Amino acid sequence: MDGLAQTRLKGVVAPVNFTAPMSEKPYSYNYDPPPGVAVRNTENQEHGITVYDARAVEGGLSLDREGFVLVNHKTAAADLYDEETIKSVYYPECERLMREATGAKQVVAFDHIVRNAAKAGKGSPVKLPAGRVHNDYTAWSAPQRVRDLMGEEATELLKHRFAINNVWRPIAGPLLRSPLALCDSQSLDYDNLLASDLRYPDRIGETYAVTYNPSQRWYYFPKMQRDEAVLISCYDSARVGAARFSAHGAFDDPSTPADAPPRESIEVRTLVFF
């Protein structure tokens, strides 16, 4: 989407949380850290930016160019809080959806996060909306995830193009609170991506924290319904002709009604092999 098209769009000016620039490598713990160690070593940096309404141009978006698209997609999963239903019903749906959207030879759904501020809490599998701009995988952690999950197949799979894409959907709609801001991949400078350790009890993953750049272009899809999903390109091994990295994060829409319910959403991560 070029700048001229952007100027024709409506949007909202809203506070969006980025990571403040830093010299050491960012980290965060996904469990209680050792005594005396901070949960994270980063600081948020809030910027008021225009987040454009992408519904007016949704038919012109491309997963390989902007790094995100909106699709209409009904799910047969009655309860998207139920782990068994998610894995037995919703995972296969996401795999089929991603194959159709990308033309991939193979898609493997391997992980998911359910978010709802009303249900989140210590010990709960439900999490809060991720209120800071980030990208789920890095140039190191994306191929490492293939090695972690695909066993002996990984060596051959990594010789060919692959991606890690998300399927992001409201569990209930219309989604009014904490919508998802999405950065046009074409406007995302690699210098604004900070490789960040995500520390688990049994392994260390790596994500990208994102610093602010006024050249970044941000979009969202207002009032998303349960029968809509956003496909997000988090990583693509292709060096040309694809959205190699992207960025996203929840933000506070100033037009949100005061009595709007908490956002309910589910994101499924998929390995996409071409």
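Structure's up top.
Predicted model, so just to flag it, every value in this text is computed and none were measured. (Residues numbered from 1 in each chain as written. Predicted model: local features only at pLDDT ≥ 70, side-chain atom pairs only at ≥ 80, totals over all residues. Heavy atoms only, no water.)

## Comments concerning the overall build of the protein chain
Broken down by element type, the protein chain carries four helices and 14 strands. Projected onto its principal axes, the C-alpha positions of the protein chain cover 50 × 50 × 40 Å. Within the protein chain, counting contacts between residues at least 6 apart in sequence, those at least 24 apart form 79% of the total. Separation between the mean location of the 31 positive side-chain charges and that of the 36 negative ones in the protein chain comes to 1 Å. (Helix = DSSP H or I, 4+ residues; strand = E, 2+ residues; numbered from the N terminus. Contact = heavy atoms within 4.5 Å. Lys, Arg positive; Asp, Glu negative; His and termini not counted. Charge placed at Lys NZ, Arg CZ, Asp CG, Glu CD.)

## Considering the sheet that holds strand E7 (residues 162-170)
Spatially, E4-E12-E7-E14-E5 is the arrangement adopted by the five strands of the open sheet, whose pairing is antiparallel. The sheet is open, and its two edges are formed by strand E4 (68-72) and strand E5 (106-116), each paired on a single side. Within the sheet, the average angular offset between the axes of one strand and its neighbour, ignoring direction, is 25°. The pairing of E5 with strand E14 (residues 264-273) spans ten bridges and is antiparallel. (Pairing = 2+ DSSP bridges. Axes fitted to C-alpha atoms, helices over the stretch in contact; angles between N-to-C directions.)

## Concerning the environment of glutamine 216
Mapped onto the elements of the fold, glutamine 216 is located in the loop between strand E10 (204-210) and strand E11 (218-220). Judged by relative accessible area, glutamine 216 falls into the buried class, the value being 7%. Through-space distance from the C-alpha of glutamine 216 to that of alanine 260 is 29 Å; in sequence the pair is 44 residues apart. (Buried < 20%, exposed > 50% of the residue type's maximum accessible area, 1.4 Å probe, protein only.)

## As for the nonpolar core
Counting 40 residues, the largest nonpolar core has Tyr90, Val167, Phe221, Val230, Leu231 and Ile266 as the members making the most contacts within it. Contributing elements (two or more residues each) for this core: E4, helix H2 (83-102), E5, E7, strand E8 (180-183), strand E12 (228-236) and E14. At six residues, H2 tops the list of elements feeding residues into this core. When sequence neighbours within four positions are dropped, the list of residues in contact with valine 167 reads Tyr90, Cys94, Leu97, Met98, Ala229, Val230, Leu231, Ile266, Glu267 and Val268. (Core = buried A, V, L, I, M, F, W, Y, C linked by side-chain atoms within 4.5 Å.)

## So, the pattern of salt bridges
Going through the model one piece at a time under the given rule, you end up with 14 salt bridges. Residues aspartate 197 and lysine 25 are paired through a salt bridge, measuring 2.9 Å at the closest nitrogen-oxygen approach. In this pair, aspartate 197 sits in strand E9 (residues 193-199) while lysine 25 sits in the loop between strand E1 (11-19) and strand E2 (27-29), placing the two residues 172 residues apart along the sequence. On the accessibility criterion, aspartate 197 (15% relative accessible area) is buried. According to the relative accessible area criterion, lysine 25 is partly exposed, its value standing at 40%. Across the salt bridge formed by lysine 122 and aspartate 32, the nearest N and O atoms sit 3.6 Å from each other. Here the residue lysine 122 occupies a position in the loop between E5 and strand E6 (134-135), and aspartate 32 occupies one in the loop between E2 and strand E3 (44-53), the gap between them amounting to 90 residues. Taken individually, lysine 122 and aspartate 32 each receive the classification exposed, so the pair is uniform in this respect. (Salt bridge = Lys/Arg side-chain N within 4 Å of Asp/Glu carboxyl O.)

## Structural notes on the state of the cysteines
Per the counting criterion, the structure on display carries zero disulfides. Summary of cysteine pairing: cysteine 183 is not part of a disulfide, and the nearest cysteine sulfur, belonging to cysteine 234, is at 13 Å. (Disulfide = S-S within 2.5 Å.)

## With respect to helix H3 (residues 141-150)
When we look at burial in H3, the residues that qualify are Ser141, Ala142, Pro143, Arg145, Val146 and Met150. Where H3 terminates, the next one or two residues include glycine 151, which has phi positive at roughly 55°.

## Topic: the side chain of serine 196
Note on placement: serine 196 falls in strand E9. Apart from the residues lying within four places of it in its own chain, the contact partners of serine 196 are Lys25, Pro26, Tyr27, Gly205, Glu206, Thr207 and Ala209.

## Structural notes on the environment of arginine 177
With respect to the helices and strands, arginine 177 occurs in the loop between E7 and E8. On the accessibility criterion, arginine 177 (27% relative accessible area) is partly exposed. Beyond its immediate stretch of four places on either side in the chain, arginine 177 contacts Thr256, Pro257, Ala258, Asp259, Ala260, Pro261, Pro262 and Arg263. Within polar-contact distance, the side chain of arginine 177 engages the backbone oxygen of proline 257 at 3.4 Å. (Polar contact = N/O pair within 3.5 Å; in protein donor to acceptor, adjacent residues only side chain to side chain.)

## Here we look at the packing of aromatic side chains
The description of an aromatic ring pair rests on the distance of the ring centres and on the angle between the ring planes. In total, this model carries 15 aromatic pairs according to the counting rule given. Seen in terms of ring centroids, phenylalanine 110 and tyrosine 137 are 6.5 Å apart; in terms of plane orientation they differ by 65°. Their pairing is edge-to-face. Within this pair, whereas phenylalanine 110 is found in strand E5, its partner tyrosine 137 is found in the loop between E6 and H3, the two being separated by 27 residues in sequence. The same class applies to phenylalanine 110 as to tyrosine 137, namely buried. Chaining the aromatic ring pairs together yields one cluster made of Phe162, Tyr190, Tyr208, Tyr235, Phe245 and Phe273. For lysine 119, the ring lying beneath its charged end belongs to tyrosine 81, and the centroid distance is 5.1 Å. Between arginine 161 and the ring centre of phenylalanine 274, over which it is positioned, the NZ or CZ distance is 4.0 Å. (Phe/Tyr/Trp six-rings, centres within 6.5 Å; stacked < 30°, edge-to-face > 60°. Lys NZ or Arg CZ within 6 Å of the ring centre and 35° of its normal.)

By themselves these figures say nothing about function.
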